[in-house]
Amino acid sequence: YLSDGLRQVNEKVENVVIAGMGFDTIKSIILESINKFRDCDQIILQSNSKIQELRTFMNQLKFECLDEVYIEDNHKCYIILKYHYNIKMISLNEFECLCGPHLLKQKNLEYEQYLLKMYHRYLGYIKANPNYQTMLDHLKLYLDSKGIL
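To keep things clear, this report deals only with the structure shown in the data block.

Procedures and definitions
- Residues numbered from 1 in each chain as written.
- Predicted model: local features only at pLDDT ≥ 70, side-chain atom pairs only at ≥ 80, totals over all residues.
- Heavy atoms only, no water.
- Helix = DSSP H or I, 4+ residues; strand = E, 2+ residues; numbered from the N terminus.
- Rg over C-alpha atoms; globule rule 2.2 N^0.38 Å.
- Buried < 20%, exposed > 50% of the residue type's maximum accessible area, 1.4 Å probe, protein only.
- Contact = heavy atoms within 4.5 Å.
- Areas by Shrake-Rupley, 256 points an atom, 1.4 Å probe, with all protein chains shown as cover.
- Lys, Arg positive; Asp, Glu negative; His and termini not counted.
- Charge placed at Lys NZ, Arg CZ, Asp CG, Glu CD.
- Disulfide = S-S within 2.5 Å.
- 1 Å grid on protein atoms, 1.4 Å probe; cavity = no way out; pocket = protein on both sides within 12 Å on 5 of 7 lines; lining within 4 Å.
- Points joined across faces, edges and corners; volume = space filled by probe spheres on them.
- Nonpolar A, V, L, I, M, F, W, Y, C, P; charged D, E, K, R; others polar.
- Pairing = 2+ DSSP bridges.
- Axes fitted to C-alpha atoms, helices over the stretch in contact; angles between N-to-C directions.

The number of helices and strands found in the protein chain is six helices and four strands. Its helices and strands taken in sequence order, the protein chain reads β-α-α-β-α-β-β-α-α-α from the N to the C terminus. The C-alpha radius of gyration of the protein chain comes to 16 Å, within 12% of the 15 Å expected for a compact globule of 149 residues. The dimensions of the protein chain, computed from C-alpha atoms along their principal axes, are 50 × 35 × 30 Å. Every one of the 149 residues in the protein chain was classed for burial, and the buried ones make up 38%. Look at the contacts in the protein chain between residues 6 or more apart in sequence, and 68% of them connect residues 24 or more apart. Entry remark: accessible area of the protein chain is about 8,800 Å², with carbon and sulfur atoms responsible for 50%. Between the mean site of the 18 positive side-chain charges and the mean site of the 19 negative ones, the protein chain shows a separation of 3 Å.

Put into structure tokens, the structure is as follows:
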């Protein structure tokens, strides 16, 4: 099916791909048909914005992140997430929601450079909003452990 969410789909859906749109749109699509998404075998998501918020949102709804892929294409970064519903999942912590539980375990130089850029971006934010300090501290520890900072 190619449709505006799952509301027009009347049969069980095994696999869903939502890509090329922002977090707010993805969130509204999922919330409008939450029970259908819970019945899916796998959900593939690629958001053009607010990746941390997407991970946090899915985590709160008990969708377990099964895998993640980081891709750079034509100087653009894409993070693709694979989920399924699991009421017994182990919740992600704040740092895992920021950086990705699976991506943190992978050896990916492009992703590490992406995190370094994120770190420098957060350095700029910290002056205006001290709430970024915890994330900045976590990123610094991770990047230090990889020998990047």
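Back to the text.
In this section: the side chain of R55. With respect to the helices and strands, R55 occurs in helix α3 (residues 51–60). By relative accessible area, which is 0% here, R55 ends up buried. Setting aside residues no more than four positions away along its own chain, R55 makes contact with E68, I79, L81, Y83, E96, C97, L98, C99, G100, P101, L103 and Y111.

Moving on, we come to the state of the cysteines. Throughout the structure, instances matching the rule amount to zero disulfides. Here C40 is not cross-linked by a disulfide; its sulfur's nearest cysteine counterpart is in C65, at 16 Å. Residue C40 is classed as buried on the basis of its relative accessible area, which comes to 5%. C77 forms no disulfide, and the closest cysteine sulfur to it belongs to C99, at a distance of 14 Å.

The next thing to look at is the layout of surface pockets. In this structure, the largest pocket spans a volume of roughly 390 Å³. As for the largest pocket, its lining consists of 18 residues, and the residues nearest its centre are S49, K50, I51, Y114 and R121. Of all the secondary structure elements, the ones that give two or more residues to the lining of the largest pocket are β2 (42–47), α3, β4 (76–85) and α5 (109–126). If one sorts the elements of the lining of the largest pocket by residue count, α5 sits on top with five residues. Class assignment of the residues belonging to the lining of the largest pocket gives a composition of 10 nonpolar, five polar and three charged.

Once that is clear, we can look at the sheet that holds β2. Hydrogen bonds along the backbone pair up the strands of a sheet, which may run parallel or antiparallel. Spatial ordering of the open sheet is given by β1-β2-β4-β3, a layout of four strands whose pairing is mixed. Edge positions in the sheet fall to β1 (15–21) and β3 (63–73), since each has one partner strand and no second. Direction aside, the axes of adjacent strands within the sheet are offset by 15° on average. In this structure, β2 lies alongside β4, joined through four bridges in antiparallel fashion. Residue I43 lies in a different strand from β4, and its bridge partner there is Y83. The strands touched by α3 are β2, β3 and β4; relative to β4, the strand with the most contacts, the crossing angle is about 0°. In this fold α5 packs onto β3 and β4, with an angle of close to 95° to the strand it touches most, β3.

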